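Topology and contacts: notes
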Amino acid sequence: MTTSQPILAVKDLRVRFRTLDGQVDAVKGINLHVNAGETVAIVGESGSGKSQTMMAAMSLLASNGEATGAVDYRGRNLLALDKSALNDVRGRKITMIFQEPMTSLDPLYTIGNQLMEPIRRHRKLGKAEARKEALRLLELVKIPDPERRLKSYPYEMSGGQRQRVMIAMALANDPDILIADEPTTALDVTVQAQILTLLAELQRKFGMAIVFITHDLGIVRRFADRVYVMRYGEIVEEGVTEALFSAPAHPYTKMLLAAEPTGRKAAPPAGAPVLLEGRNVEVSFKIGGGFLAGPPLFLKAVDRISLALKRGQTIGIVGESGSGKSTLGRALLRLLPSEGSIRFGAREISGVDREAMRPLRRELQLVFQDPFGSLSPRMTIGQVITEGLLVHEPSLSSKKRDARAVEALLEVGLDPNMRNRYAHEFSGGQRQRIAIARAMILKPKVVVLDEPTSALDRSVQKQIVDLLRKLQADHELSYLFISHDLAVVRAMADYIIVMKQGQIVEEGLTDDIFDNPREAYTQTLMAAAIDVKKFRIAS
């Protein structure tokens, strides 16, 4: 239940970053408020300042960032609090779900230990009680086999599962305000609805307010009471959700509402050669075990999968979180140990060692699901993008490498003058484009795109889809396109593989899979996507 009394009030907030190129004004004197128990959405394209607004409110800006103005929480200005007083608020009264879960979870600690830490710190529970609460939270966010997952490490879970762990952690201490920065970015359509329903139920039960930062306007319309639209660090429009969606006033808001990836990918020529082929590929992970822990469990993440990727073809791989999509992509690139046959062109590479694979790496590239985790925080993006050239084209002069970086940044729609900045100075969507530029600069033949548009707003998704199509047409690239976003997959792929629990349940031409799915699981996926679309129109 909402009240008219603001629980959080942002007043004349300004956020600046000191960079090698001078001062960057990320947020320019905005005002917004959140009432107790309501859901407020902050929307806008990548780089609009929506995430930095809340990072400033939580005093979580990078070391070169500075925030001025006021962020009042129950009469206290958070920007003026010392670290001790602030830590009594952060993680207890105000919690945050970050956009990239892999960089928020400690790789050295189990999921159970990381869930128990804030519970024990803020609620002073014993270890046994904290463990029971951690188990309950995993059950709430629909983690399969939660008892076993308490003992898992982050790398043993899919991107969607890690995001759900972050949601559980944020809810651990019944906060007054939950700041959710792209909380469903890594989740497939069927799980999105479960998470949003869960958040709504918890909001009703505990009366907490939610600040929802997202580029998915369909979710905003379903979930938020009020909306702030940001562009270039400023609020250009605000209002009650239904009124804003029904009659947007600002041209920028109208553009956001109209953006959607469109078009269809034509199949490659009938005689196109196969570039990458897998036969009966299997990947298993050992979980647990040891002297005191008993026998280990072996999880078969990929179970005897075969596929053939032709020159100029895009195979879309879809399925729910944990279905094995990303694992299959990494196995085909020989980034994970596997069983079965993998061929690149005429060469069998399944038994090739790391050193022998190195010359092939420039032709077999991967764009990661979590861009921030794959970009070095100690290197400028110009250095990040050209790092592969140092290995594969060592004879290039620094001037030529820099020219290639400029070209790559322009191709992905970024200002090359920003190449002296660091990864933390960019939004999630901008970092994803940097990751794409890093892969494309080497002129590969095969690219595995693992959720390449998951962190991007709809308008930028459309641009990236167009960019990937153009690069594919210009260079006869072959893509494995892994995604839970079925609208983007339909626009990108000419062939679809549907995975569930490590196996292929259905495959075929894109239009056949979308228009006439045969298997019940595929029908469920398609129905979930259609229901979301219907909601956007009908709400």
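Being a predicted model, the structure only gives us computed values, none of them experimental.

Turning our attention to the overall build of the chain. Along the backbone of the chain there are 20 helices and 20 strands. Here the C-alpha radius of gyration of the chain, 23 Å, is about what a compact globule of 539 residues would show, namely 24 Å. For the C-alpha atoms alone, the extent of the chain along its principal axes is close to 70 × 55 × 45 Å. When burial is assessed residue by residue, the chain has 56% of its 539 residues classed as buried. Sequence separation of at least 24 residues holds for 69% of the intrachain contacts in the chain that already meet a minimum separation of 6. Entry remark: accessible area of the chain is about 23200 Å², with carbon and sulfur atoms responsible for 51%.

If you walk across this open sheet you meet the six strands as 6-7-8-3-9-10, and the pairing is mixed. Lying at the two open borders of the sheet, with one neighbouring strand each, are strand 6 (94-97) and strand 10 (234-240). Ignoring which end each strand starts from, the neighbouring axes of this sheet average 15 degrees apart. Pairing of strand 3 (residues 39-43) with strand 9 (residues 226-231), which is carried by four bridges, proceeds in the parallel orientation. Note on strand 9: the bridge partner recorded for Ala41 is Val227. The strands that helix 1 (residues 50-57) touches are strand 3, strand 6, strand 7 (177-181), strand 8 (209-214) and strand 9; relative to strand 8, the one it contacts most, it runs at about 140 degrees. With respect to the sheet, helix 10 (residues 251-258) is in contact with strand 9 and strand 10, its orientation differing from that of strand 9 by roughly 105 degrees.

What follows is about the pairing of strand 19 (residues 495-500). Looking at chain direction, strand 13 (residues 314-318) and strand 19 are connected through four bridges and run parallel. Looking across to strand 19, one finds that Gly316 is bridged to Ile496. Both strand 19 and strand 20 (residues 503-509) contribute to a ladder of six bridges, which runs antiparallel. In the sheet register, Ile496 faces strand 20, and the bridge partner there is Gly508. Hairpin connection between strand 19 and strand 20: a loop of two residues separates the two successive antiparallel strands, and Gln501 in this loop has a positive phi of roughly 50 degrees.

Core analysis: the biggest nonpolar cluster contains 49 residues, and Met440, Leu468, Tyr479 and Ile496 have the highest contact counts within it. Core analysis: the second largest hydrophobic core is formed by 48 residues, Met157, Val220, Val227 and Tyr252 among them.

A word on the environment of Phe344. Within the fold, Phe344 resides in strand 14 (residues 339-344). With 12 residues separating them along the chain, Phe344 and Leu332 place their C-alpha atoms 9.1 Å apart. With residues up to four places along the chain from it excluded, the contact list for Phe344 reads Leu275, Leu276, Ile349, Leu360, Glu363, Leu364, Lys445 and Val446.

Together, Arg92, Lys93, Arg121 and Lys124 give the surface a local cluster of positive charge. For Arg92, the position within the fold is in the loop between helix 2 (83-89) and strand 6. Among the residues examined, Arg92 registers a relative accessible area of 38% and is labelled partly exposed.

Here we come to the side chain of Glu156. Secondary-structure assignment places Glu156 in the loop between helix 5 (146-149) and helix 6 (159-170). No salt bridge is formed by the buried Glu156, whose closest oppositely charged neighbour, Arg149, lies at an N-O distance of 5.4 Å. At 2.8 Å, the side chain of Glu156 and the backbone nitrogen of Tyr153 are in polar contact. Setting aside residues no more than four positions away along its own chain, Glu156 makes contact with Arg149, Lys286 and Ile287.

This next bit is on the packing of helix 3 (residues 111-123) against helix 4 (residues 127-140). Helix 4 packs onto helix 3 with a crossing angle of 120 degrees between their chain directions and a minimal axis gap of 9 Å. It follows that helix 3 is oblique to helix 4 by the angle criterion. Along this stretch, helix 3 crosses helix 4, giving a crossing that reads as right-handed. On helix 4, the residues touching Ile111, Leu115, Met116, Ile119, Arg120 and Arg123 of helix 3 are Lys127, Ala130, Arg131, Glu133, Ala134, Leu137 and Leu138. Each residue belonging to the contact of helix 3 with helix 4 can be placed in one class, and the counts come to eight nonpolar, no polar and five charged.

A word on the packing of aromatic side chains. Tallied over the full model, the rule gives two aromatic pairs. Here Tyr153 and Tyr155 contribute two aromatic rings whose centre-to-centre distance is 6.2 Å and whose plane-to-plane angle is 20 degrees, an arrangement assigned as stacked.

It is worth spelling out the domain arrangement of the chain at this point. In terms of domain boundaries, the chain breaks down into domain 1 (1-93 + 174-258), domain 2 (104-172) and domain 3 (311-340 + 347-530). Placing a centre on the C-alpha atoms of domain 1 and another on those of domain 3 gives a separation of 29 Å. Contacts between domain 1 and domain 3 engage 23 residues on the former and 27 residues on the latter. Buried area between domain 1 and domain 3, both sides added, is near 1900 Å², and the carbon and sulfur share of it is 52%. The largest share of the area that domain 1 buries against domain 3 comes from Ser46, Val189 and His215, three residues that together contribute 28% of it. The interface formed by domain 1 and domain 3 includes zero salt bridges. Put simply, domain 1 and domain 3 have one residue pair in polar contact (both at pLDDT 80 or more) between them. The set of elements that each furnish at least two residues to the side of domain 1 that touches domain 3 consists of helix 7 (189-206) and helix 10. In terms of residues, the side of domain 1 that touches domain 3 owes the most to one element, helix 7, which gives four residues. Residues of the side of domain 1 that touches domain 3, tallied by class, amount to nine nonpolar, 11 polar and three charged.

Cut-offs and rules
- Residues numbered from 1 in each chain as written.
- Predicted model: local features only at pLDDT ≥ 70, side-chain atom pairs only at ≥ 80, totals over all residues.
- Heavy atoms only, no water.
- Helix = DSSP H or I, 4+ residues; strand = E, 2+ residues; numbered from the N terminus.
- Rg over C-alpha atoms; globule rule 2.2 N^0.38 Å.
- Buried < 20%, exposed > 50% of the residue type's maximum accessible area, 1.4 Å probe, protein only.
- Contact = heavy atoms within 4.5 Å.
- Areas by Shrake-Rupley, 256 points an atom, 1.4 Å probe, with all protein chains shown as cover.
- Pairing = 2+ DSSP bridges.
- Axes fitted to C-alpha atoms, helices over the stretch in contact; angles between N-to-C directions.
- Core = buried A, V, L, I, M, F, W, Y, C linked by side-chain atoms within 4.5 Å.
- Patch = residues over 30% accessible without salt bridge, like charges linked within 9 Å, V, L, I, M, F, W, Y side chains within 5 Å.
- Salt bridge = Lys/Arg side-chain N within 4 Å of Asp/Glu carboxyl O.
- Lys, Arg positive; Asp, Glu negative; His and termini not counted.
- Charge placed at Lys NZ, Arg CZ, Asp CG, Glu CD.
- Polar contact = N/O pair within 3.5 Å; in protein donor to acceptor, adjacent residues only side chain to side chain.
- Parallel < 35°, antiparallel > 145°, perpendicular 65-115°, else oblique.
- Left-handed = near helix turned anticlockwise from the far one by under 90°.
- Nonpolar A, V, L, I, M, F, W, Y, C, P; charged D, E, K, R; others polar.
- Phe/Tyr/Trp six-rings, centres within 6.5 Å; stacked < 30°, edge-to-face > 60°.
- Domains from an automatic or database assignment.
- Buried area = accessible area lost by both parts, 1.4 Å probe.

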